[in-house]
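Observations on the model geometry
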Amino acid sequence: MEKFESHSAKETEQFAADLAAKALPGDVYTLTGDLGVGKTVFAKGFAKGLGIMEPVTSPTFTIVQEYLSGRLPLYHFDVYRIGDPDEMEETGFYDYIDRGGVVLIEWAELIEDVLPENRTEITISKDLAGDDDYRLIEVRG
């Protein structure tokens, strides 16, 4: 497991960009962490690391956003509003995994049962008693 301590949104974005620079077609990355911990900040940096320059927003209401302008396509999911993991089939989730791009999933713990075994898990947490900008980013897989 790799651990990174971030002290700003800029550091979080850079860490994510560096991670994305190593991404390969078909990779799946999951993001977990509490509300407001910086999952979307991470996603923005990840997109930059793939060479995507267009604005990246959380797809909370659309469930998935496609970004096709980078070195690899990015399929960015936010599954916060998914009530049942079986609903993922309706989003085209399995097709996205097979498209040869990179899949990044916010709130992945909500669909644990349908996630592929071969994935990179990223957990972001903050220090509730200390620095508001501090984040611990843990990467497994």
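See the structure above.
Residues numbered from 1 in each chain as written. Predicted model: local features only at pLDDT ≥ 70, side-chain atom pairs only at ≥ 80, totals over all residues. Heavy atoms only, no water.

Pairing is mixed across the open sheet formed by seven strands, whose spatial order is β1-β7-β6-β2-β5-β4-β3. Two strands lie at the open edges of the sheet, namely β1 (2-6) and β3 (64-67), each paired on one side alone. Across this sheet, the average inter-strand angle for adjacent strands is 15 degrees, counted without regard to direction. Pairing analysis gives five bridges linking β1 to strand β7 (residues 135-140), with the strands arranged antiparallel. By the bridge assignment, F4 is partnered in β7 with I137. (Pairing = 2+ DSSP bridges. Helix = DSSP H or I, 4+ residues; strand = E, 2+ residues; numbered from the N terminus. Axes fitted to C-alpha atoms, helices over the stretch in contact; angles between N-to-C directions.)

As a further point, take the environment of V139. When you line up the elements, V139 lands in strand β7. On a C-alpha basis, the gap between V139 and T30 in space is 9.6 Å, while along the polypeptide they are 109 residues apart. Look past the residues within four positions of V139 in its chain and what remains in contact with it is M1, E2, F15, T120, E121 and I122. (Contact = heavy atoms within 4.5 Å.)

Close approach of charged atoms allows side chains of opposite charge to pair. Under the definition given, this model contains five salt bridges. Put simply, E13 and K48 hold a salt bridge, and the shortest N to O gap is 3.1 Å. Of the two residues, E13 is situated in helix α1 (residues 9-20) and K48 in helix α2 (residues 39-49); the sequence distance between them amounts to 35 residues. Classification of K48 by relative accessible area gives partly exposed; the value is 47%. Notably, a salt bridge pairs E121 with R119, separated by 2.8 Å at the nearest N-O pair. Members of the salt-bridge network, linked through shared partners, are E112, R119 and E121. (Salt bridge = Lys/Arg side-chain N within 4 Å of Asp/Glu carboxyl O. Buried < 20%, exposed > 50% of the residue type's maximum accessible area, 1.4 Å probe, protein only.)

Let's shift gears to the pairing of strand β5 (residues 102-106). Among the five residues that make up β5, five are buried, leaving the element largely enclosed by the rest of the structure. Alternating positions in β5 separate into two faces, V102, L104 and E106 on one and V103 and I105 on the other, with burial throughout. The pairing of strand β2 (residues 28-32) with β5 spans four bridges and is classified as parallel. Opposite L31, over in β5, you have E106 as the bridge partner. Pairing geometry for strand β4 (residues 74-78) and β5, over five bridges, is parallel. Looking across to β5, one finds that D78 is bridged to E106.

Fair warning: the whole summary comes from geometry, so function is off the table for now.
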